[in-house]
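Next come the chains, spelled out residue by residue.
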Amino acid sequence: MRNPFPILSNFFGNKKDSIEISQQSSDELENAIILAMIYISKNMDSEGKFVYQNNLNPKKKYSGKVYGTLRHAGTLYSMYLCERLLGKTALHNKRLLGSEYLIKTYIRKVNKDMYGLLSEPLKDEGIIFATSGGAGLSLCALANLLPENKVPKHILEKLANFILFMQTPKGDFWPSYIINKKEKSNISAARFYPGEACLGLLYLYEFDKQPQWLEAAKRGLFRLAQNAEEKGSANIKFDHWGMLATQKLFATPDNAMNSPQRDLMRKFVERNVKAIIAKQNLNTRDEKFGSFTINRSLCGNATNMEGLIAAYQCLDDKVLKQKLAYSLKAGVEFLAKRQVKTGIHEGGVPASPDWDKPEAKNIDKEIRIDYVQHAMSAWLAYKSLSD
């Protein structure tokens with residue numbers, strides 16, 4: 001019978017929670033990361049804008065009118081992770097170019113004290129809005145540039161002020177702010193916005209030690225955990241940005257969490273982990289071994305892995321942590337196998353794991369920049385645990 005658990009190095013004593021993987025798996029991960037970096041580099045123009053959509057069907061063309069500003073910020077964040085986690089600096093100059101493009105094109109004044117990330121206008125409604133999650137992702141992308149003096153500090157502070165403005169006294173966040181109507185709104189709501197907002201504040205706090213950033217992030221994450229507790233484990237929808245922000249909070253040396261707060265956050269992580277790994281395909285004879293039954297897209301599988309890798313670093317439960325280690329190995333290897341390895345779109349991550357099947361349609365073969373971003377972020381985070 002196959003041993004279902006990978007070998008773990010200094011499993012409970014190593015502060016970095018290192019996972020030992022085979023040389024073959026390490027080489028495959030390295031190759032997947034490099035190919036993803038090549039794809040992202042090739043798909044940024046001279047101004048710093050990404051090619052948002054490609055397709056493995058050469059006959060399928062895109063107008064270029066559709067563009068996800070949040071995904072632009074998220075891709076810059078994944079480019080930063082290349083440097084932060086593995087010391088790969090090949091994308092640094094393009095990251096600076098893309099950051100400049102983000103600031104000059106999509107960061108918009110809300111009022112004299114606040115900036116927001118402009119979202120794609122709602123079609124035919126004339127609504128111009130910014131989201132709490134978009135501001136958070138902008139901080140994830142840009143805050144690290146502060147030590148290099150590559151971003152004006154007031155831009156970061158005003159993005160953070162916007163997040164604080166969008167936070168309720170209980171710690172929840174309004175999803176959107178309609179700029180041309182000057183009102184908070186529930187349009188374009190997404191469950192990921194609170195985690196994105198909190199993660200952005202924590203990245204800013206790392207480089208700008210103003211206590212209001214940390215306190216707002218903690219209040220937001222405690223609220224997420226309380227909401228999950230009230231809903232019960234059966235009703236939890238996996239929150240990968242919430243997991244990333246929780247891991248960031250635990251990794252913040254001066255987080256000043258007390259014991260009940262740490263327990264609350266660890267239970268939040270445990271609930272999310274148990275909910276999602278129960279839905280993973282762990283049939284070793286299945287070609288989709290390592291995938292998640294609730295996600296048909298490779299991007300959905302990738303975001304699950306990002307969140308689970310972050311969660312792994314927060315867990316105390318030894319048995320759950322060992323089960324999760326196996327899930328991580330299976331999941332990242334599934335993703336790596338489904339990446340495009342050759343051709344003009346090498347390094348791309350299509351929408352569907354079945355992109356190369358004869359019956360695949362154009363929607364299955366579509367490669368969006370955020371699909372690549374999330375997969376690369378997962379591979380980077382997993383590889384950093386094994387190094």
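Everything discussed here concerns the structure shown above.
Residues numbered from 1 in each chain as written. Predicted model: local features only at pLDDT ≥ 70, side-chain atom pairs only at ≥ 80, totals over all residues. Heavy atoms only, no water.

Caption draft 1: Up close: the packing of helix α7 (residues 211–231) against helix α8 (residues 240–251). Running from N to C, α7 and α8 cross one another at 130 degrees; their axes reach a closest spacing of 11 Å. In terms of axis orientation, α7 runs oblique to α8. Of the two elements, α7 crosses α8, and the hand of that crossing is left-handed. Contacts between α7 and α8 involve Leu214, Lys218, Leu221 and Leu224 from the former and Gly242, Ala245, Thr246 and Leu249 from the latter. (Axes fitted to C-alpha atoms, helices over the stretch in contact; angles between N-to-C directions. Helix = DSSP H or I, 4+ residues; strand = E, 2+ residues; numbered from the N terminus. Parallel < 35°, antiparallel > 145°, perpendicular 65-115°, else oblique. Left-handed = near helix turned anticlockwise from the far one by under 90°. Contact = heavy atoms within 4.5 Å.)

Caption draft 2: Structural detail: the nonpolar core. Counting 124 residues, the largest nonpolar core has Leu308, Leu328 and Trp379 as its most contacted members. When residues no more than four places from it in sequence are discounted, the contact partners of Leu308 are Phe238, Val273, Ile276, Ile277, Phe292, Leu324 and Leu328. (Core = buried A, V, L, I, M, F, W, Y, C linked by side-chain atoms within 4.5 Å. Buried < 20%, exposed > 50% of the residue type's maximum accessible area, 1.4 Å probe, protein only.)

Caption draft 3: Geometry of the sheet that holds strand β6 (residues 183–185). Pairing in this open sheet of three strands is antiparallel, and the strands run β4-β5-β6 from one edge to the other. The open sheet has two edge strands with one neighbour each: β4 (129–131) and β6. Recorded for the sheet is a direction-independent mean angle of 30 degrees between the axes of neighbouring strands. Sitting on the sheet, helix α5 (residues 153–166) is in contact with β4, β5 (176–178) and β6, with an inclination near 100 degrees to β5. (Pairing = 2+ DSSP bridges.)

Caption draft 4: Expanded view of the state of the cysteines. Enumeration over the complete set of coordinates arrives at zero disulfides. Not part of a disulfide, Cys140 finds its nearest cysteine sulfur in Cys198, a span of 10 Å. Free cysteine Cys299: the closest other cysteine sulfur is in Cys140, separated by 16 Å. The exposure class assigned to Cys299 is buried, which follows from its relative accessible area of 13%. (Disulfide = S-S within 2.5 Å.)

Caption draft 5: Just helix α2 (residues 69–86), in detail. Taking 1.5 Å of rise per residue, 18 residues should cover 26 Å, and α2 covers 26 Å from first to last C-alpha, within 8% of that figure. Of all 18 residues that make up α2, 14 are buried, and the element is covered over most of its length. Following α2 by one or two positions, Gly87 has its phi on the positive side, about 70 degrees. (Expected span 1.5 Å × (residues − 1).)

Caption draft 6: Region of the structure containing the packing of α8 against helix α9 (residues 259–277). Their axes nearest at 11 Å, the elements α8 and α9 cross at an angle of 145 degrees. As for how α8 packs across α9, the hand of that crossing is left-handed. Residue-level inspection shows Gly242, Met243, Thr246 and Phe250 of α8 in contact with α9, the latter providing Arg262, Met265, Arg266, Phe268, Val269 and Asn272. Per-class residue counts for the contact of α8 with α9 are five nonpolar, three polar and two charged. (Nonpolar A, V, L, I, M, F, W, Y, C, P; charged D, E, K, R; others polar.)

Caption draft 7: Here's a closer look at the pattern of salt bridges. With the rule as written, the count across this model stands at 19 salt bridges. A salt bridge links Lys383 to Glu30; the shortest N-O distance between them is 3.8 Å. Separated by 353 residues along the polypeptide, Lys383 in helix α13 (residues 369–386) and Glu30 in helix α1 (residues 23–42) bring together distant segments of the chain. Look at Glu30 and you get partly exposed, because its relative accessible area is 25%. (Salt bridge = Lys/Arg side-chain N within 4 Å of Asp/Glu carboxyl O.)

Caption draft 8: Quick peek at the environment of Asn31. Within the secondary structure layout, Asn31 lies in helix α1. Sequence separation between Asn31 and Ala336 is 305 residues, and the spatial gap between their C-alpha atoms is 8.9 Å.

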